[in-house]
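Listed here are the chains, written in short residue letters.
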Amino acid sequence: MQPPHDAADFAFSPTDALDIPVVIRDFSSLRRPSEALWRGATQPWPGVADMPSYGTYLATTTWRQVLLAAKGVGRDLTPWLSRTPWLAVNELISRTAPLQAYLQLKDVPAPAPAAGRRLFVNALYQYGSERSAHSAFGYHLGMTMAHWLCAGMAGLGEVPPLRGSG
């Protein structure tokens with residue numbers, strides 16, 4: 001099978017800047033926010049280590065920060081690095097490889113000083129993976145972005161591991 005005509009050959013750089021739309025709201029409605037709501041985000045995030053009031057924001061970050069968030073989701077790897085370094089390295093790869101494999105950056109209109117680029121799934125995700133991979137990736141991406149927002153952007157800190165989970 002040939003790659004689809006719209007397949008973009010893309011590789012990330014750690015310094016790539018990108019914008020993430022963020023919707024802050026109460027939990028009375030657990031429904032997914034409408035696409036129009038998050039696509040229309042233009043208000044800049046107020047600053048790192050700050051949780052803003054309810055609203056829709058456009059947070060600018062780097063690919064490095066997204067990868068650091070992916071690294072931070074799950075158990076603490078420090079004990080694994082000392083006892084089983086190759087398993088720990090492979091776990092780090094498993095936390096970041098799906099992001100590299102299934103995402104790409106695309107230019108989008110954005111107000112200054114936003115980066116004007118957002119994450120989108122790529123042709124490999126759309127045409128080269130099955131439904132179970134989509135589900136696993138959706139969960140993984142959601143956990144990564146939740147960690148990025150809470151620990152990285154809102155300054156809520158790391159969640160201590162559960163006893164016996166490391």
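Quick notes on the rules
- Residues numbered from 1 in each chain as written.
- Predicted model: local features only at pLDDT ≥ 70, side-chain atom pairs only at ≥ 80, totals over all residues.
- Heavy atoms only, no water.
- Pairing = 2+ DSSP bridges.
- Helix = DSSP H or I, 4+ residues; strand = E, 2+ residues; numbered from the N terminus.
- Contact = heavy atoms within 4.5 Å.
- Axes fitted to C-alpha atoms, helices over the stretch in contact; angles between N-to-C directions.
- Expected span 1.5 Å × (residues − 1).
- Bend = angle between axes of the 7 residues up to and from the residue.
- Buried < 20%, exposed > 50% of the residue type's maximum accessible area, 1.4 Å probe, protein only.
- Core = buried A, V, L, I, M, F, W, Y, C linked by side-chain atoms within 4.5 Å.

## Focus: the sheet that holds strand 1 (residues 17–24)
- The mixed open sheet is built from three strands, whose spatial order is 1-3-2. Because the sheet does not close on itself, it has two edges, and the strands there are strand 1 and strand 2 (43–44).
- Here strand 1 runs beside strand 3 (residues 55–62); their pairing, made up of eight bridges, is antiparallel. When the sheet's bridge partners are listed, Asp 19 is paired in strand 3 with Thr 60.
- Strands in contact with helix 2 (residues 63–72) are strand 1 and strand 3; relative to strand 3, the strand with the most contacts, it is inclined by about 95°.
- Packing of helix 6 (residues 131–153) onto the sheet brings it into contact with strand 1 and strand 3, and relative to strand 1 it is tilted by some 90°.

## Topic: helix 4 (residues 85–102)
- Taking 1.5 Å as the rise per residue, helix 4 with 18 residues should run 26 Å; its terminal C-alpha atoms sit 26 Å apart, in good agreement.
- Bending of helix 4 peaks at approximately 35° at the position of Thr 96, with proline Pro 98 no more than four residues after it.
- Within helix 4, burial applies to Ala 88, Glu 91, Arg 95, Leu 99 and Tyr 102.
- Buried residues in helix 4 make contact with helix 2, helix 3 (78–83), strand 4 (103–107), strand 5 (117–121), helix 5 (123–128) and helix 6.

## Thoughts on the nonpolar core
- Core analysis: the largest hydrophobic core is formed by 25 residues, its most contacted members being Val 22, Trp 45, Trp 63, Leu 99, Leu 119 and Trp 148.
- Sorting the residues of this core by element identifies strand 1, strand 3, helix 2, helix 4, strand 4 and helix 6 as the ones contributing at least two each.
- Not counting residues up to four positions away in its chain, the partners in contact with Trp 63 are Phe 12, Ser 13, Pro 14, Asp 16, Leu 18, Leu 99, Gln 100, Leu 103 and Leu 119.

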